[in-house]
Amino acid sequence: MHYLFVLLALGALLIVHELGHLVAARLLGVRVPRFTVGFGPPLLSFRLGGTQFVLGAVPLGASANLQGMNPHRSAEEDTSGFGTLGPLKRMAIILAGPLANYAVALGLLFALYSSGTHVVVPLTVGTVVPGSEAARAQLLPGDKLVAVAGKPLERWSDFVTRVADGVGGPLELSVDRHGEPRTVTVRPRADERGAGRIGVSQQYVFREHAPGEAFTQSLVHTGRVASEALSTLGAMVRGPQLAGRAGPGALMRQESSDVASSTASGADALVRALVAASVALAMLTLVPVPGLDGGRVLLLAIEAVSGRRIPPRVETVAQTAGFLFLSIGIVATAGAEIRRALPPTDAPNVSVKASAAAPAVTDAGTSVGAAPLAPDGGTARVAAPPPP
């Protein structure tokens, strides 16, 4: 189910991304002869404002064909082409795609916070699964997590990571219970994929926000999601194994799980999933690798500083190299996702009861200003508590 949600969400967000390029190009006087949604045989075609809009048989992804975008085909006499603009204007057109994704994320969050939603109580235990390791250690709802193994916690995702990596061994948790410091020891159990779980979820409360506060919360939320997206990109660079555990697939896996399993807050979970994916897409396309928007911006910045045009041959070679690099990254990430989906051959012998007591949880991404990319400390799903 979550893979279908991933495809639909990414398809819609890619359309928004390319529409950003189209609008910016038109505003700066660049012709856009064709805008295509999806691929395959065209099912629908119409002309609007000088642009031919085409809907393909498979409506996934989109592309805006800007006049003069290809440096080998750009003619100097063309006064309405991309190549005739200065580097700063071309940079603005390129940046319009990621900015469109960010603007959509900001708008969705503003609507969500204005209408009322469940917001997280930072680093506070919301539920404890009966019979779980957390229950055995006498953790209680309302306990505020302070540190794990003596290392202070800044956000829930830090706690998630340390629990996931602490399978089988004792893990000392420092908590604050109504102003009184306490220390408990847990032994995270391995789930079906070997990650540690203790059987807790984060605490939420229902709130409605005034417009000013809603906008501020939206800015904070998108900023935190962007920070987590950067951490994900770093994990992807360090290796496919890390990419599988904390990559885009992990993010959308947990978010779409919320959509599928949540009842009272299904709309909230859907909005948060779209926000996380939209911000992640914006950050990914801004990576300064040729073949992505960030790579084009880097080349244009070099051109602006040097005052000289990048030779078409150099640009083509850079874009080709970047495409190969991206292809390798996509294959590595996809491989990690496939291996994750397959049952492990050397997984620890975890009984059905143990798995039930500490199921996989995804409580990230539903917090105010936070969208951790990994499951939480052990609940089965993120289901915000009902309004009081």
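**Observations regarding the side chain of Arg177**
Structurally, the position occupied by Arg177 is in strand β6 (residues 171-177). A distance of 2.9 Å separates the side chain of Arg177 from the backbone oxygen of Gln138, its partner in a polar contact. Among the polar contacts listed, one links the side chain of Arg177 to the side chain of Asp143, at a separation of 2.8 Å. Arg177 has contacts with Gln138, Leu139, Leu140, Asp143 and Arg182, leaving out every residue within four places of it along the chain.

**Some points on the packing of helix α2 (residues 87-115) against helix α9 (residues 293-306)**
Across the interface, α2 lies against α9 with an axial gap of 9 Å and an inter-helix angle of 165°. By the angle between their axes, α2 is roughly antiparallel relative to α9. Classified by chirality, the crossing of α9 by α2 is left-handed. Between α2 and α9, the contacting residues are Pro87, Arg90, Met91, Ile94, Leu95 and Pro98 on the first element and Asp293, Arg296, Val297, Leu300, Ala301, Glu303 and Ala304 on the second. Residue composition of the contact of α2 with α9, grouped by class: 9 nonpolar, no polar and 4 charged.

**A short note on the side chain of Gln52**
For Gln52, the position within the fold is in strand β2 (residues 51-65). Given the relative accessible area of 18%, Gln52 is considered buried. Within the structure, Gln52 has its side chain in polar contact with the side chain of Arg47 (distance 3.2 Å). Apart from the residues lying within four places of it in its own chain, the contact partners of Gln52 are Pro33, Arg34, Phe35, Ser45, Phe46 and Arg47.

**Describing the nonpolar core**
Counting residues in hydrophobic clusters, the biggest one holds 19 residues, and the most contacted among them are Leu139, Leu145, Trp156, Phe159, Leu173, Ile198 and Val200. Broken down by secondary-structure element, the contributors of at least two residues to this core are β3 (117-128), β4 (144-148), α4 (156-164), β6 and β7 (180-186). Among the elements that make up this core, the one with the highest residue count is α4 (4 residues). Setting aside chain neighbours within four positions, we find Leu139 in contact with Val128, Ala134, Leu173, Val175, Arg177, Val184, Ile198 and Val200. If you look at the next biggest cluster of nonpolar residues, it comprises 18 residues, including Val30, Val32, Val37 and Leu300.

**A look at unusual backbone geometry**
In the Ramachandran plot, Leu123 falls in the positive-phi region, its phi being about 50° despite a non-glycine side chain. Mapped onto the elements, Leu123 comes out in strand β3. One non-glycine residue with positive phi stands out, namely Gln138, at about 65°. Looking at where Gln138 falls in the secondary structure, it is placed in the loop between α3 (133-136) and β4.

**Concerning a nonpolar patch on the surface**
Taken together, the side chains of Leu7, Leu8, Phe39, Val58 and Leu60 make up a nonpolar region of the molecular surface, amounting to roughly 430 Å² of accessible area. Those elements giving two or more residues to the nonpolar patch turn out to be α1 (2-27) and β2. Note that Leu8 resides in helix α1. Looking at Leu8, the relative accessible area reads 53%, which means it is exposed.

**Focus on the confidence of the model for the protein**
In the predicted model, the protein carries a mean pLDDT of 76, and the fraction of residues at 70 or more is 70%. The element-level mean pLDDT for the protein is lowest in helix α11 (residues 352-357), coming to 34, with α2 highest at 94. Across residues 347-388 the pLDDT falls below 50, and counting only partners more than four positions away or on other chains, this stretch makes 132 contacts in the model.

So, how was this worked out
Each chain carries its own residue numbering, running from 1 in the written order of its sequence. Thresholds applied to this predicted model are a pLDDT of at least 70 for local features of residues and 80 or more for the giving and counting of side-chain atom pairs; totals over whole chains, interfaces and linings are not thresholded and use all residues. Calculation of side-chain values draws on the structure's entire complement of heavy atoms; hydrogens and water are dropped beforehand. Strands here are runs of E lasting at least two residues and helices are runs of H or I lasting at least four, both read from the DSSP assignment and numbered beginning at the N terminus. Think of a polar contact as two N or O atoms within 3.5 Å of one another; within protein, one of them needs to be a possible hydrogen donor and the other a possible acceptor, and neighboring residues in sequence only count if both atoms come from side chains. Note on definitions: a residue-residue contact is assigned when non-hydrogen atoms from the two residues lie within 4.5 Å. Axes here mean lines fitted to C-alpha atoms, for a helix over just the part in contact, with angles spanning 0 to 180 degrees between N-to-C directions. Orientation categories follow fixed angle ranges, with anything under 35 degrees roughly parallel, anything over 145 roughly antiparallel, 65 to 115 roughly perpendicular, and all other angles oblique. By the definition used in this description, the sense in which the near helix is turned from the far one sets the handedness, with an anticlockwise turn below a right angle giving left-handed and a clockwise turn giving right-handed. Polarity classes work like this: nonpolar for Ala, Val, Leu, Ile, Met, Phe, Trp, Tyr, Cys and Pro, charged for Asp, Glu, Lys and Arg, and polar for all others, with Gly in that last group. The classification of residues rests on relative accessible area computed with a 1.4 Å probe and restricted to protein chains. Under 20% of the type maximum is buried, over 50% is exposed, and intermediate values are partly exposed. What we call a nonpolar core is a set of buried Ala, Val, Leu, Ile, Met, Phe, Trp, Tyr and Cys residues that are connected through their side-chain atoms within 4.5 Å. Exposure above 30% relative accessible area and the lack of any salt bridge qualify a residue for a patch; like charges then connect within 9 Å, and the nonpolar side chains Val, Leu, Ile, Met, Phe, Trp and Tyr within 5 Å. For the area figures, the Shrake-Rupley method with a 1.4 Å probe applies, and any residue is considered shielded solely by the protein chains shown. Counted as salt bridges are all cases of a side-chain nitrogen of Lys or Arg within 4 Å of a carboxyl oxygen of Asp or Glu. A residue's pLDDT is the predictor's confidence in that residue, given on a scale from 0 to 100.

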